[in-house]
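Chain by chain, the residues:
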Amino acid sequence: MKILVTGGAGFIGSHTCVELMNAGHEVVVIDNLCNSSEKSMERVKEITGKDLAFYKGDILDRDCLNTIFTEHKIDAVIHFAGLKAVGESVYKPWEYYNNNITGTLTLTDVMRAHDVKNLIFSSSATVYGDPAEIPITENCPKGKCTNPYGWTKSMLEQILTDLHTADNSWNVILLRYFNPIGAHPTGLMGEDPNGIPNNLMPYITQVAIGKLPELGIFGNDYDTPDGTCIRDYIHVCDLATGHVAALKKIEEKAGLCIYNLGTGVGYSVLDVVNNFMEATGVNVAYSMKPRREGDVPQCYSSAQKAKEELGWEAKYGIKEMCRDSWNWQTKNPNGYKD
Ligand code: NAD
Ligand code: WQD
């Protein structure tokens, strides 16, 4: 199939391009590079030994999208493009709603104009809010999000569901990612956050390499075995193969489907720090800090539905996730920047 990957230069998008191309699909990317580097596209080509078409463009730019759909016979779209910084979304809500929601409305409008109605959407476990059940199945009701970023995902799920309800020729797969970490095992691609990282793993690797003095652990008084929050960390390459599996479902014209992409295993913040130190042999200084607003105590998936219906499950364990994050950090201390 020929796949348009929006946001394909980003962390998850670039790893997904590799897995798509390895599986024999052709890839076209649109990315405005607002949170990524075109260098990741070079790395995709280096890893796969294959070429892809790259458009530096914005999903809000209808003309650019029209050009792409005219120049390529796209079979399906995997839609990663979006702003994703939780904290930033609180003080820039308009920018988040406009980019993520107007962007997706523009994209889907151009898609239907070109009669392309196959879409895989990057959603998030954040739509469950403080989850009503653990492990979280796809039947768990969506919850109250704690920030505008989360609401964009929750609202977009509703918008795409309504689109399918009104026109059953749409095939829409909503993939709810848990906590993606790790990097390509070659060390050629990985997560490249701007400034001080918000997320746990890039913070850990930057402490380990000496760029940051110590990790603050946000809260050790939660109702969990060691008092720190529990999450379902998933290797980004596993997440990427989840999209290849979802494409098969699209080919079956499955209509609207929702899948968690997680491992089904929860690790606390302290578990991650300890596994990182064991996997790499590098010390990570840390101290306990107050709770971070908006954090839920536990969030991990039931990975059963994706296993049964997509024939997909995560293969990498926490040690490999830590090893590959560290490999990327040490080989590219400044990410894609020179
Ligand atoms: P990322 O920022 O690395 O990738 C997103 C890409 O989209 C970037 O390359 C950015 O330049 C591009 N982009 C943003 N707005 C655009 C626009 N208007 N037009 C064109 N390109 C645009 O983020 P990621 O971690 O790879 O996340 C990919 C998707 O998965 C996002 O939608 C994100 O919300 C979602 N998601 C991420 C996580 C996570 O923890 N990383 C978890 C759940 C869901
Ligand atoms: C993990 C754990 C922190 C940093 C976020 C988004 C979510 C989704 C995935 C997109 C938490 C703790 C972190 C630090 C810490 N993204 N932590 N010190 O919050 O589970 O999920 O990314 O959809 O929407 O909210 O991930 O990596 O920020 O935090 O103690 O310096 O690590 O409190 O318990 P989170 P995270």
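So, a few notes on the structure that sits alongside this text. Just so we're clear, the structure is a prediction, and the values are computed from it rather than from any experiment. (Residues numbered from 1 in each chain as written. Chains lettered and ligands numbered in written order. Predicted model: local features only at pLDDT ≥ 70, side-chain atom pairs only at ≥ 80, totals over all residues. Heavy atoms only, no water.)

Side note on the site of ligand 1
Piece 1. Looking at ligand 1, there are 27 residues lining it, with D31, N35, S36, N99 and Y149 nearest.
Piece 2. With respect to ligand 1, the backbone of F11 contributes an N or O atom lying 2.9 Å from an oxygen atom.
Piece 3. Within the backbone of C34, one N or O atom sits 3.1 Å away from an oxygen atom of ligand 1.
Piece 4. Notes on ligand 1: free accessible area 820 Å², of which the protein chains cover 95%.
Piece 5. A class-by-class count of the residues in the shell around ligand 1 yields twelve nonpolar, eleven polar and four charged. (Near = heavy atom within 4 Å. Polar contact = N/O pair within 3.5 Å; in protein donor to acceptor, adjacent residues only side chain to side chain. Areas by Shrake-Rupley, 256 points an atom, 1.4 Å probe, with all protein chains shown as cover. Nonpolar A, V, L, I, M, F, W, Y, C, P; charged D, E, K, R; others polar.)

A short note on the pairing of strand β11 (residues 256–261)
Piece 1. With five of six residues buried, β11 is to be regarded as a mostly interior element.
Piece 2. Sheet topology note: the strand β6 (residues 171–177)/β11 ladder contains six bridges and is parallel. Paired with L174 across the two strands is I258, which belongs to β11. (Buried < 20%, exposed > 50% of the residue type's maximum accessible area, 1.4 Å probe, protein only. Helix = DSSP H or I, 4+ residues; strand = E, 2+ residues; numbered from the N terminus. Pairing = 2+ DSSP bridges.)

What about the sheet that holds strand β5 (residues 118–124)?
Piece 1. Read across the open sheet, the seven strands follow the order β3-β2-β1-β4-β5-β6-β11; overall the sheet is parallel. Only two strands of the sheet have a single neighbouring strand rather than two, namely β3 (53–56) and β11. Geometrically, the sheet is characterised by an average inter-axis angle of 20 degrees between neighbouring strands, direction not taken into account.
Piece 2. Strand direction decides the pairing type here: strand β1 (residues 2–6) and strand β2 (residues 26–31), joined by five bridges, are parallel. In the strand pairing of β2, K2 is matched with E26. (Axes fitted to C-alpha atoms, helices over the stretch in contact; angles between N-to-C directions.)

Description of unusual backbone geometry
Piece 1. Here the amide bond leading from I134 into P135 is cis, since omega sits at -10 degrees, within 30 degrees of zero.
Piece 2. Relative to the elements of secondary structure, P135 occurs in the loop between β5 and α6 (148–166).
Piece 3. Positive phi, close to 55 degrees, is recorded for D115, a residue that is not glycine.
Piece 4. A relative accessible area of 59% places D115 in the exposed class.

Details of the side chain of N327
Piece 1. Looking at the secondary structure, you find N327 in helix α11 (residues 318–331).
Piece 2. Given a relative accessible area of 17%, N327 falls into the buried group.
Piece 3. Polar contacts involving the side chain of N327 include one to the main-chain carbonyl oxygen of P185, which spans 3.2 Å.
Piece 4. When near neighbours in sequence (up to four residues on either side) are disregarded, N327 contacts P185, T186 and G187. (Contact = heavy atoms within 4.5 Å.)

Some words on the site of ligand 2
Piece 1. In the region of ligand 2, 19 residues are neighbours, and S124, Y149, G216, R231 and D295 sit closest.
Piece 2. With respect to ligand 2, the side chain of S124 contributes an N or O atom lying 2.7 Å from an oxygen atom.
Piece 3. With the chains in place, 87% of the 690 Å² that ligand 2 exposes on its own is no longer accessible.
Piece 4. For the shell around ligand 2, the elements supplying multiple residues, two or more each, are α7 (200–208) and β8 (215–218).
Piece 5. Tallying contributions element by element places β8 first for the shell around ligand 2, with four residues.
Piece 6. A per-class count over the shell around ligand 2 returns ten nonpolar, six polar and three charged.

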